[in-house]
Amino acid sequence: MIIRIASAVSLVVVLIAVLYLPAAYPPPHFLSQLRIEHALNTDVWGHQHALQILSRMLDLHEESQQASLIPRAFTAAQASGQIDTVVATHMAQVSTRLTANQYFRSLDALFALATYRFSVFAQWLPCLLVFVLAAVFDGAMRRLIKSKEFLQHNPEKYALSASMAMVIACSTIVAFVIPVTLHPLILVLAPAGIGMFAGLALAHFHVRG
């Protein structure tokens, strides 16, 4: 029940944040936040890793814009024999109005900030996956040993550990979009916390038979 509640609450918070924050903050606010966090990552991880994070963020942002349903530059020159020139002109005007709107520019800046934070998260994820897999394997072995020794599993510890793992995962998703300064270690250590509590939950999960 707690896991479902945490998932539902985090989803609602993310939706509200994505829809509300672009209306509450101008685009320079999100871009300034991105510059601040890039400076923090440079101080913590070094110039080379910070550039790798920024490069990944720019690649992801460019790919997302190319896949966007809203064209960035739809002009009448794109009209072919199957598309009427008047329709193409109206599409260009609609596209210009959308991209020139401050709300959509703020939304784009918020998405850039979220993409940058995801890039920070992904930078060290391959290294942390080793710890996560080790924690899950340890939990599986502890579960197996308990079942062979006829020891009682603790459902309260299982529920608490599983809930904590879910809360950390949901909080990480929410952290991608909140317009406050995040220390680089927060996003990096999130997978380690998820792996630790997932291993504890697995260790206390009841084994039948």
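See the structure shown above.
Everything numeric in this text was worked out from a predicted model, so none of it was measured. (Residues numbered from 1 in each chain as written. Predicted model: local features only at pLDDT ≥ 70, side-chain atom pairs only at ≥ 80, totals over all residues. Heavy atoms only, no water.)

Ranked by internal contacts, the top residues of the largest apolar core, which has 23 residues, are Phe30, Leu34, Tyr116, Val120, Phe176 and Val177. At the level of elements, helix H1 (2-24), helix H2 (27-45), helix H3 (47-66), helix H5 (102-123) and helix H8 (184-203) are the ones that each hand at least two residues to this core. (Core = buried A, V, L, I, M, F, W, Y, C linked by side-chain atoms within 4.5 Å. Buried < 20%, exposed > 50% of the residue type's maximum accessible area, 1.4 Å probe, protein only. Helix = DSSP H or I, 4+ residues; strand = E, 2+ residues; numbered from the N terminus.)

Right, let's get into helix H6 (residues 125-148). With 24 residues, H6 extends 34 Å from end C-alpha to end C-alpha; this agrees with the ideal 34 Å at 1.5 Å per step. Listed as buried for H6 are Leu128, Val132, Ala135, Gly139 and Lys146. Looking at the buried side of H6, the elements it contacts are H8. (Expected span 1.5 Å × (residues − 1). Contact = heavy atoms within 4.5 Å.)

Further remarks concern the packing of H2 against H8. Contact geometry for H2 and H8: axes closest at 9 Å, N-to-C directions at 70°. As the angle between them shows, H2 and H8 are arranged roughly perpendicular. Along the contact surface, H2 presents Leu40, Asn41, Val44 and Trp45, while H8 presents Pro184, Leu185 and Val188. Looking at side-chain class alone, the contact of H2 with H8 contains 6 nonpolar, 1 polar and no charged residues. (Axes fitted to C-alpha atoms, helices over the stretch in contact; angles between N-to-C directions. Parallel < 35°, antiparallel > 145°, perpendicular 65-115°, else oblique. Nonpolar A, V, L, I, M, F, W, Y, C, P; charged D, E, K, R; others polar.)

A few words now on the side chain of arginine 117. Within the secondary structure, arginine 117 sits in helix H5. Residue classification places arginine 117 among the buried positions, given a relative accessible area of 0%. Side-chain polar atoms of arginine 117 contact the backbone oxygen of alanine 175, separated by 2.8 Å. Ignoring anything within four residues of it in the chain, the contact list for arginine 117 reads Gln33, Glu37, Ala175, Phe176, Val177, Ile178, Val180, Leu182 and Leu187. (Polar contact = N/O pair within 3.5 Å; in protein donor to acceptor, adjacent residues only side chain to side chain.)

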